[in-house]
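A structural walkthrough
Okay, here's what each chain looks like letter by letter:
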Amino acid sequence: MKKIFALTLITAMLFSLAGCSSSEDVPTLTVYNWGDYIGDGVIEQFEEEFGCKVNYEMFDQNEDMYTKITKAGGEYDVVIPSEYMIERMINEGLLAELNHDNIPNMENLSQYVLDRDFDPGNKYSVPYMWGTVGIVYNKTMVNGEITSWNDLWDPQYEGQIFMMNSVRDSMAVALMTLGLNPNTREQADIEAAQAKLIEQKPLILAYTGDEVKDKMIAGEAAMAVIYSGDAANILMENEDLVYVLPEEGTNLWFDNMCILESSEQKELAEKFINFMCEKEICEINRDYICYNTPHQEVWDSLDEATLHTYPSADIIEKCFIYKDLGEMAKVYDEMWTKIMVN
Amino acid sequence: MKKFRIAALPFAVYAGIFIVAPIVLIFMYSFQGAGGDFTLENFTRFFNFSDPTYLKVLWRSIYLAAISTVICLLLGYPMAYILSRLPNRVRGILSFLFVLPMWMNFLLRTYAWMTLLERTGIINTFLTNLGLPTWDIMYTQGAVILGNVYNFLPFMILPIYNVLVKIDKSVLEASADLGGDSGVTFRKVILPLSIPGVISGISMTFMPAVTTFVISKLLGGGQNALIGDLIENQFKVTGDWGFGSAMSVVLMILILGAMQIMQRYEDENDGSGGVLL
């Protein structure tokens with residue numbers, strides 16, 4: 001008898017848990033964003049203001065997101081990929097044209113981030129965050145200053161370097177070091193980059209994702225290739241860390257909000273995008289994520305230290321933006337797999 | 001008999017949907033090219049002997065899983081044996097303690113190992129404070145083996161323990177009556193009788209160890225990728241499901257073959273009273 005009672009109780013508890021999540025008449029918006037990439041409470045605020053429910057899902061790489069949407073039938077309304085992936089998705093007809101009348105807050109965004117080559121006139125995408133890729137190093141663990149991508153090949157740092165576990169970013173580092181075009185579609189160039197990365201392998205401690213932030217704060221290794229916002233974030237936690245944009249130039253990237261063509265909540269999705277461009281929300285995101293904000297006023301109000309992590313004009317001149325690689329993306333993937341398993 | 005068949009129906013339906021259908025799908029995908037046409041390319045790409053990238057990964061996976069399994073066996077058998085010899089109450093508590101870590105999420109336990117093993121981690125901080133040299137194991141194959149052993153050890157202990165506790169005490173008494181000392185009793189009676197447990201322990205540790213992808217990613221740092229990582233990557237990142245499926249099929253056939261061999265080995269020993277070693 002006792003057992004039956006306990007069983008009933010457990011079943012009742014499970015059902016009451018399940019009951020919490022059902023809310024049928026409220027519209028639901030599904031958002032697919034990078035991991036650890038939104039300020040605290042932003043989603044809740046949107047839900048409250050617009051009387052809807054948001055399903056928030058996360059990915060680690062552009063390629064993950066693309067595969068989930070095209071192959072695994074992932075149904076999303078708003079997605080936030082980077083520029084080269086947006087270019088590819090536009091070409092493949094995956095993205096819906098935006099109705100700019102529903103996104104009046106776009107006016108507040110900096111001219112700098114708008115109307116870029118990957119989406120002229122921002123027909124399909126609205127900037128969310130932007131930034132660069134650089135090297136973060138621990139000044140107590142290196143000799144002198146780190147200034148160049150070549151320093152990632154310096155044998156004295158054996159077992160002291162973190163590279164990114166990301167095809168595009170790591171291949172681009174090798175291509176830039178070799179002085180080649182990081183958007184190259186030439187087989188010979190890609191093979192040269194592969195050889196360069198294989199040569200570097202003995203120096204590498206690990207190929208990491210988001211966890212690199214904690215590792216660098218703890219002082220696990222001397223240097224790491226890192227996104228600018230992550231760098232800004234961890235510089236606050238450990239004062240021995242320095243972020244540098246290598247002299248050869250670097251990658252300048254943009255993560256923009258888009259709506260999938262298959263979305264059935266396009267209007268609500270546009271409201272979401274508009275909401276994300278509000279000054280107050282951009283401030284929350286800037287403080288939490290630490291990436292570069294697209295909002296002009298928020299940008300203007302930055303303090304000196306934060307502004308330092310934004311690329312200066314002469315660096316920007318040497319920066320490049322990723323382009324969709326088309327069919328060559330597969331070759332990059334295969335080369336990368338071989339580097340990882342070699 | 002008829003009643004039994006009706007009772008088995010739910011399982012048959014379940015197995016059809018969740019076991020047979022996915023395997024059939026994987027099998028079909030593995031013979032499909034990018035355009036959905038029939039091709040053997042996925043397999044020829046894997047078994048490319050002039051560029052054995054993928055074969056090397058397969059070999060590394062088998063090698064690391066085998067080492068992990070052997071260590072599990074060497075640690076697990078004595079533990080199971082000691083456990084089976086203890087009084088009932090203590091035994092219950094101890095076997096509960098062995099299972100307890102499994103209540104926690106597998107991923108969480110592996111993350112915990114990262115914090116323990118890294119250069120600035122708990123173990124190394126402790127060693128440094130004692131003035132001892134540090135143990136630089138994080139992001140090596142050693143760390144992957146350690147993760148495997150830690151996570152899969154209970155799967156080795158429990159089946160062996162189950163067999164050992166069920167051995168009839170009168171068999172042991174008979175051995176003693178016939179003049180066998182404890183060494184002889186162990187070699188000629190206990191060990192042969194426990195072989196079925198050892199076999200299932202081996203397959204229950206080897207299989208997850210050879211297919212794992214989380215442990216190698218977190219503790220191996222990406223450069224010690226295993227076949228599981230490659231398969232995950234094909235499905236999740238690259239989107240080449242045909243090649244991912246082909247690798248899965250190869251792995252399944254391999255495991256099936258290994259199980260068959262072990263099964264035969266077990267059958268041969270069953271009831272014949274043959275002595276190993």
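Residues numbered from 1 in each chain as written. Chains lettered and ligands numbered in written order. Predicted model: local features only at pLDDT ≥ 70, side-chain atom pairs only at ≥ 80, totals over all residues. Heavy atoms only, no water.

**Focus on the overall build of chain B**
Note the cut-off: Every helix listed is a DSSP run of H or I at least four residues long, and every strand listed is a run of E at least two residues long, numbered separately from the N terminus. Burial here depends on accessible area, computed with a 1.4 Å probe over protein chains only, as a share of the maximum for the residue type. Under 20% is buried, over 50% is exposed, and the range in between is partly exposed. Any two residues whose heavy atoms approach within 4.5 Å at even a single point are treated as in contact. Where accessible areas are quoted, they stem from the Shrake-Rupley method and a 1.4 Å probe; at the residue level, only the protein chains shown are allowed to cover. Positive charges come from Lys and Arg alone, negative charges from Asp and Glu alone, with His and the N- and C-terminal ends not counted. In plain terms, the charge of a residue is placed at NZ if it is Lys, CZ if Arg, CG if Asp and CD if Glu.
Assigned secondary structure in chain B consists of 12 helices and 0 strands. Each helix and strand of chain B, placed in order from N terminus to C terminus, yields the pattern α-α-α-α-α-α-α-α-α-α-α-α. Considering chain B as a whole, with its 277 residues, one finds that 39% of them fall into the buried category. Contacts spanning at least 24 positions in sequence make up 68% of the contacts within chain B whose residues lie at least 6 apart. Total accessible area computed for chain B in this model is approximately 15,400 Å², and 71% of it derives from carbon and sulfur atoms. Taking the 18 positively charged and 16 negatively charged side chains of chain B as two groups, their mean positions are separated by 7 Å.

**Focus: the environment of Leu-164 of chain B**
All names here are of chain B. Within the secondary structure layout, Leu-164 lies in helix 7 (residues 141–166). Residues Leu-164 and Gly-197, 33 residues apart in the sequence, show an inter-C-alpha distance of 8.1 Å. If sequence neighbours within four positions are ignored, Leu-164 has contacts with Tyr-77, Ala-80, Tyr-81, Ser-84, Ile-190 and Ser-194.

**Let's talk about the interface of chain A and chain B**
Short version of the rule: For this document, the term salt bridge refers to a Lys or Arg side-chain nitrogen within 4 Å of an Asp or Glu carboxyl oxygen. Pairs of N or O atoms are called polar contacts if they sit within 3.5 Å, as long as, within protein, a hydrogen donor faces a hydrogen acceptor (for residues adjacent in sequence, only side-chain-to-side-chain pairs). Lys, Arg, Asp and Glu make up the charged group, whereas Ala, Val, Leu, Ile, Met, Phe, Trp, Tyr, Cys and Pro make up the nonpolar group; the residues left over, Gly among them, are polar.
The partner chain B presents 27 residues to the 29 residues of chain A that form the contact. Run the count over chain A and chain B and you get 4 salt bridges. Glu-118 of chain B is the salt-bridge partner of Lys-215 of chain A, the closest N and O atoms lying 2.4 Å from each other. Connecting chain A to chain B are 11 residue pairs in polar contact (both at pLDDT 80 or more). Going through the elements one at a time, helix 3 (62–70), strand 6 (204–208), helix 7 (212–218) and helix 14 (328–341) of chain A are the ones with two or more residues in the side of chain A that touches chain B. Among the elements that make up the side of chain A that touches chain B, the one with the highest residue count is helix 14 of chain A (7 residues). Its residues assigned to classes, the side of chain A that touches chain B comprises 10 nonpolar, 8 polar and 11 charged.

**Side note on the side chain of Thr-293 of chain A**
By secondary structure assignment, the location of Thr-293 of chain A is in the loop between helix 10 (279–289) and helix 11 (296–300). For Thr-293 of chain A, a relative accessible area of 0% puts it in the buried group.

**Points about empty space enclosed by the protein**
Residues and elements named next belong to chain B. Note the following rule: Computed over the protein atoms alone on a 1 Å grid, cavities are sets of points where a 1.4 Å probe fits but cannot get out and pockets are open sets with protein on both sides within 12 Å along at least five of seven lines; a residue lines them when it has an atom within 4 Å of a point. Grid points are joined across faces, edges and corners, and a volume is the space filled by probe spheres set on the points.
In the structure shown here, the tally under the stated rule is 1 cavity of 30 Å³ or more. The computed volume of the largest cavity comes to approximately 50 Å³. As for the largest cavity, its lining consists of Ile-202, Ser-203, Phe-206, Met-207, Ile-255, Ala-258, Met-259 and Met-262. Taken together, the elements giving at least two residues each to the lining of the largest cavity come down to helix 9 (182–211) and helix 12 (241–269).

**So, unusual backbone geometry**
Residues and elements named next belong to chain A. Despite not being glycine, Asp-115 has its phi angle at roughly 55°, a positive value. Its location among the elements puts Asp-115 in the loop between helix 4 (83–91) and strand 4 (125–138). Positive phi is not limited to glycine here, since Asn-122 has a value of about 50°. Mapped onto the secondary structure, Asn-122 falls in the loop between helix 4 and strand 4.

**Side note on the pairing of strand 4 of chain A**
All names here are of chain A. Put simply, the rule is: Note: two strands are recorded as paired if DSSP finds a minimum of 2 bridges between them.
Burial of strand 4 is extensive: 14 of the 14 residues sit out of reach of the surface. Across 7 bridges, the pairing between strand 4 and strand 9 (residues 252–259) is antiparallel. Bridge assignment links Val-126 to a residue of strand 9, and that residue is Met-257. Here strand 4 pairs with strand 7 (residues 223–227) via 5 bridges, running antiparallel. In the sheet register, Val-133 faces strand 7, and the bridge partner there is Tyr-227. By the bridge criterion, 4 bridges tie strand 4 to strand 8 (residues 241–244) in an arrangement that is antiparallel.

**A short note on the layout of surface pockets**
The calculated volume of the second largest pocket comes to roughly 920 Å³. Arg-88 and Lys-330 of chain A together with Thr-238, Gly-239 and Asp-240 of chain B are the residues nearest the centre of the second largest pocket, which is lined by 36 residues in total. Of all the secondary-structure elements, those providing two or more residues to the lining of the second largest pocket are helix 3, helix 4, helix 5 (167–177) and helix 14 of chain A together with helix 2 (41–46), helix 11 (227–238) and helix 12 of chain B. Counting residues per element, the lining of the second largest pocket draws most heavily on helix 14 of chain A, at 6 residues. Here the lining of the second largest pocket is composed, by residue class, of 10 nonpolar, 13 polar and 13 charged.

**Some words on helix 6 (residues 187–200) of chain A**
All names here are of chain A. Put simply, the rule is: Every helix has an expected span of 1.5 Å times one less than the residues it contains. Note: the arc covers the axis-to-C-beta directions of the helix.
The end-to-end C-alpha distance of helix 6 is 20 Å, a good match for the 20 Å that 14 residues give at a rise of 1.5 Å each. Residues of helix 6 that are buried: Asp-189, Ile-190, Ala-193, Gln-194, Lys-196, Leu-197 and Gln-200. All buried residues of helix 6 lie within an arc of 160° about the axis, which places them on one face of the element. Those residues of helix 6 that are buried lie in contact with strand 5 (161–164), helix 5, strand 6 and helix 14.

**Structural notes on the packing of helix 4 (residues 88–99) of chain B against helix 7 of chain B**
In helix packing, the relevant descriptors are the interaxial angle and the interaxial distance, both defined with respect to the helix axes. Residues and elements named next belong to chain B. Condition: Between N-to-C directions, angles cover 0 to 180 degrees, with each direction set by a line fitted to C-alpha atoms, over the stretch in contact for helices. Any angle from 65 to 115 degrees is called roughly perpendicular, while one under 35 is roughly parallel, one over 145 is roughly antiparallel, and all others are oblique. For any pair of crossing helices, the crossing counts as left-handed if the nearer helix is rotated counterclockwise from the farther one by less than a right angle, and right-handed if it is rotated clockwise.
For the pair helix 4 and helix 7, the least separation of the axes is 10 Å and the interaxial angle reads 155°. It follows from the interaxial angle that helix 4 and helix 7 lie roughly antiparallel. Relative to helix 7, helix 4 is oriented so that their crossing is left-handed. Along its contact with helix 4, which presents Arg-91, Ser-95, Phe-98 and Val-99, the element helix 7 presents Pro-154, Ile-157, Leu-158, Tyr-161 and Val-165. The residue inventory of the contact of helix 4 with helix 7, partitioned by class, reads 7 nonpolar, 1 polar and 1 charged.

**What about the confidence of the model for chain B?**
To keep things clear, this is the line we draw: The predictor attaches a confidence to each residue, and that confidence, scored 0 to 100, is pLDDT.
For chain B, per-residue confidence averages 89 on the pLDDT scale, and 95% of positions sit at 70 or higher. Here residues 271–277 of chain B scores under 50 on pLDDT; set against residues more than four positions off or in separate chains, the count is 7 contacts.

**What about the environment of Gly-201 of chain B?**
Residue and element names in this part refer to chain B. Looking at where Gly-201 falls in the secondary structure, it is placed in helix 9. According to the relative accessible area criterion, Gly-201 is buried, its value standing at 0%. Once the C-alpha coordinates of Gly-201 and Lys-236 are considered, the two residues, 35 residues apart in sequence, prove to be 31 Å apart. With residues up to four places along the chain from it excluded, the contact list for Gly-201 reads Phe-155, Met-156 and Pro-159.

**Observations concerning the packing of aromatic side chains**
Residue and element names in this part refer to chain A. Condition: Stacked, edge-to-face and tilted labels apply to pairs of Phe, Tyr and Trp rings (six-membered ring for Trp) whose centres lie within 6.5 Å, assigned for plane angles under 30 degrees, over 60, and everything in between, in that order.
The full count for this structure, using the stated rule, is 38 aromatic pairs over all chains. Summarising the aromatic geometry, the rings of Trp-130 and Phe-254 are spaced 6.3 Å apart at their centres and angled 25° between planes, so their arrangement reads as stacked. Within this pair, whereas Trp-130 is found in strand 4, its partner Phe-254 is found in strand 9, the two being separated by 124 residues in sequence. Judged by its relative accessible area of 1%, Trp-130 is buried.

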